[in-house]
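An overview of the molecular structure
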Amino acid sequence: MTYCIAASIDEGLILVSDSRTNAGIDNVSTHGKMHPFETTADRKIILMCAGNLATTQAVLEQLHRDKIKNAPVNLNTVECLSEAADYLGHISVEKQKQHVNTKGQSAFNPSATFIIAGQIGDEPHGAYMVYAEGNSITSSANTPFLQIGESKYGKPILDRFLKLGTSIDEAARCCLVSMDSTIRSNASVGPPVEMLIYHKDSFSLENYYCFDDDDDYMVQLRRSWEGKLREAIAALPSLNKDTVRTIRVHL
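Worth saying up front: this structure is predicted, and the values here are computed from it rather than measured.

1. Quick notes on the packing of helix H4 (residues 168-185) against helix H5 (residues 216-234)
Remark: H4 packs on H5, axes separated minimally by 10 Å, with the N-to-C direction vectors making an angle of 85°. Relative to H5, the element H4 lies roughly perpendicular. Residues Arg173, Leu176, Val177, Asp180, Ser181 and Arg184 of H4 form the contact with H5, whose participating residues are Tyr217, Met218, Leu221, Arg222, Trp225 and Glu226. Looking at side-chain class alone, the contact of H4 with H5 contains six nonpolar, one polar and five charged residues.

The structure is reproduced here in structure tokens:
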């Protein structure tokens, strides 16, 4: 399993992904899920992936091959991120079909989901989630983030704190806490954790970070979050007769 987050806020993008792959209890390894692409100077495009590793690798290879061979449609020719998402969805569906035909196994699941994010030309920065079926959605003002993989453990934090107007530094910390909470609750998600911060209109991917589990910053972040949570729980109103209406149930 995996967990990837793409937050698209007013100041830019925050992309966070884990690096654990799991093909069974005896086959756990590390594999990066974040893939920046070398493109023309007028665009920056990053891909994050979750699902079947054979499918995601085949999709990545096709994207690189199309770009190198200057195919009529490639990441250097698409005019906007929505077009890039449609292009990615088409390739993903084709690769899934190939794997089904090749394997011929009823239990084999070739599905994969992707997040494609970045900025192209004068278009606004943004992010799209591409489903296994090839269709896609983008973030919104009410929900300025997308998740793929094991999303349920880290979603409440993003729902409560992440807004379009959130500063990019605060949003980055929020996404890291979301990732750390998921790692804490799900053994199939694990470090190293990659994070890329993209400032709008910068066309630069230099703000890249990679955190191991024992990284000093991650340890400090984890301890601070847990400590503040304990303080918040302790400060909640007491459960007593003065604050809570009692309902008697006769059994």
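Having seen the structure, we can now continue with the description.
2. Description of the pairing of strand S2 (residues 12-17)
The element S2 is largely enclosed, with a buried count of six among its six residues. Linkage of strand S1 (residues 3-9) to S2, two consecutive antiparallel strands, is achieved through a turn of two residues. As defined by bridge partners, S2 adjoins strand S11 (residues 193-199) across six bridges and the pair is classed as antiparallel. Note that in S11 the partner of Ile14 across the bridge is Ile197.

3. Concerning the sheet that holds strand S8 (residues 126-130)
Taken in spatial order, the five strands of this open sheet run S5-S6-S7-S8-S9, and their pairing is antiparallel. The outermost strands of the open sheet, each flanked by one partner alone, are strand S5 (34-37) and strand S9 (136-138). Looking at each pair of strands side by side, their axes are set apart by 20° on average, direction ignored. Taken together, the three bridges between S8 and S9 define a ladder with antiparallel strand orientation. Residue pairing for S9: Tyr128 is matched across the bridge by Thr138.

Scoring rules and cut-offs
- Residues numbered from 1 in each chain as written.
- Predicted model: local features only at pLDDT ≥ 70, side-chain atom pairs only at ≥ 80, totals over all residues.
- Heavy atoms only, no water.
- Axes fitted to C-alpha atoms, helices over the stretch in contact; angles between N-to-C directions.
- Helix = DSSP H or I, 4+ residues; strand = E, 2+ residues; numbered from the N terminus.
- Parallel < 35°, antiparallel > 145°, perpendicular 65-115°, else oblique.
- Contact = heavy atoms within 4.5 Å.
- Nonpolar A, V, L, I, M, F, W, Y, C, P; charged D, E, K, R; others polar.
- Buried < 20%, exposed > 50% of the residue type's maximum accessible area, 1.4 Å probe, protein only.
- Pairing = 2+ DSSP bridges.

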